[in-house]
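Descriptive structure summary
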Amino acid sequence: MKRIFELTFNDFFNMGKRKILETIRHSEGRTVMAECVISCPPLIYGVSNAELAASFGADMITLNTFDFEKPFIFGIDDEGISLSDTEDFIKNYIKKIEENRMNADYIKRVKSITGRFIGVNLEPVPESVKNFPNGRRVSKENLEKVRFYGFDYVVITANPNTGVSSEDIVKSLELCREILGEEVIIIAGKMHAAGRENIFEPQVVKGFAINGADVVLIPAPGTVPGMDMDTAKRLIREIHSEGALAMTAIGTSQEGADRETIKNIALLAKMAGADIQHIGDAGFSGMAFPENIMELSITIRGKRHTYRRMGYSSRK
């Protein structure tokens, strides 16, 4: 079996859910996920954040703020649209959204551009929160679109100030299992203390796995107050005991810190037993500093495998 950093371009298109999970497990803690905001102009003009993250060593790309009611990815869908002419942009933006809604190959095109596994964030935001976009909530309609577009995985989580509790995430997992089944990987958890409970409770993270999460995410050591390597190790042990994979997340804007900080966090997370290491989107313009993605990759798998991932041809 190949390890994730050995996958070629075509491998990313021909692997189902179970094969992907086994590949990650077989890779022994050397899988890199980068999260990117796609609802703003990208860090580098003419190159989407997803493409840039892939080119600096990410194996998995998570699209944050993707709205299933208004599907549009800056850096890809705005190609040929004038950003300086407001009227022209709005007209073409609406036209592109309508095209994307009905295009089953939309995310397959993103995969063909990046050559990576592509996932999306959804949040089980309470109905009492009225100002949250419906296209980003966990719902039957949005989960069916996850399947329609062919996403490889979905991340059920909570951004700050949404009021999402762990109970909300657990309740949403039943719907996820029902609709996504064996087609889409389900990742669930919190990368910071959004919501109303202690995110360090072993029974909480274990509950995500028991209720259907294939991967459970927790904050990486050093990213939230009180989360050290021993705490992360204890939580990961509970996750693994239920047969799920564990993902540690840098979701507290430290993705915009210096490279030494990224290295320290990555080493602690690997010592704790993380199967996947995530780096967030709060650097500049919707993604981590590209060199920090590369630093994370080099720290957990060395330059040889990092350069392999960065350099694989799309023709292999």
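Structure report, in brief.

Cut-off values and rules
Residues numbered from 1 in each chain as written. Predicted model: local features only at pLDDT ≥ 70, side-chain atom pairs only at ≥ 80, totals over all residues. Heavy atoms only, no water. Salt bridge = Lys/Arg side-chain N within 4 Å of Asp/Glu carboxyl O. Helix = DSSP H or I, 4+ residues; strand = E, 2+ residues; numbered from the N terminus. Buried < 20%, exposed > 50% of the residue type's maximum accessible area, 1.4 Å probe, protein only. Expected span 1.5 Å × (residues − 1). Bend = angle between axes of the 7 residues up to and from the residue. Contact = heavy atoms within 4.5 Å. Polar contact = N/O pair within 3.5 Å; in protein donor to acceptor, adjacent residues only side chain to side chain.

Digging into the pattern of salt bridges
Evaluation of the coordinates by the stated rule reveals 20 salt bridges. Lys140 serves as the salt-bridge partner of Glu144, at 2.6 Å between the closest nitrogen and oxygen. In this pair, Glu144 and Lys140 both sit in helix α5 (residues 140–149), four residues apart, roughly one turn of the helix. By relative accessible area, which is 37% here, Glu144 ends up partly exposed. Looking at Lys140, the relative accessible area reads 43%, which means it is partly exposed. Taking the shortest distance from any N to any O, the salt bridge between Arg147 and Glu183 comes out at 2.9 Å. Separated by 36 residues along the polypeptide, Arg147 in helix α5 and Glu183 in the loop between α6 (166–180) and β5 (185–189) bring together distant segments of the chain. You can call Arg147 partly exposed: its relative accessible area is 38%.

Regarding helix α10 (residues 290–311)
For α10, with 22 residues, the first-to-last C-alpha span of 15 Å runs short of the 32 Å given by 1.5 Å per residue. The largest bend along α10 measures about 120° and falls at Gly302.

What about the environment of Asp11?
Checked against the element boundaries, Asp11 lands in the segment before α1 (17–26). On the basis of relative accessible area, Asp11 is assigned to the buried category, the value being 19%. Along the primary structure Asp11 and Phe117 are separated by 106 residues, whereas in three dimensions their C-alpha atoms are 9.8 Å apart. Apart from the residues lying within four places of it in its own chain, the contact partners of Asp11 are Lys2 and Glu6. Within the structure, the side chain of Asp11 is placed 2.7 Å from the side chain of Lys2, a separation counted as a polar contact.

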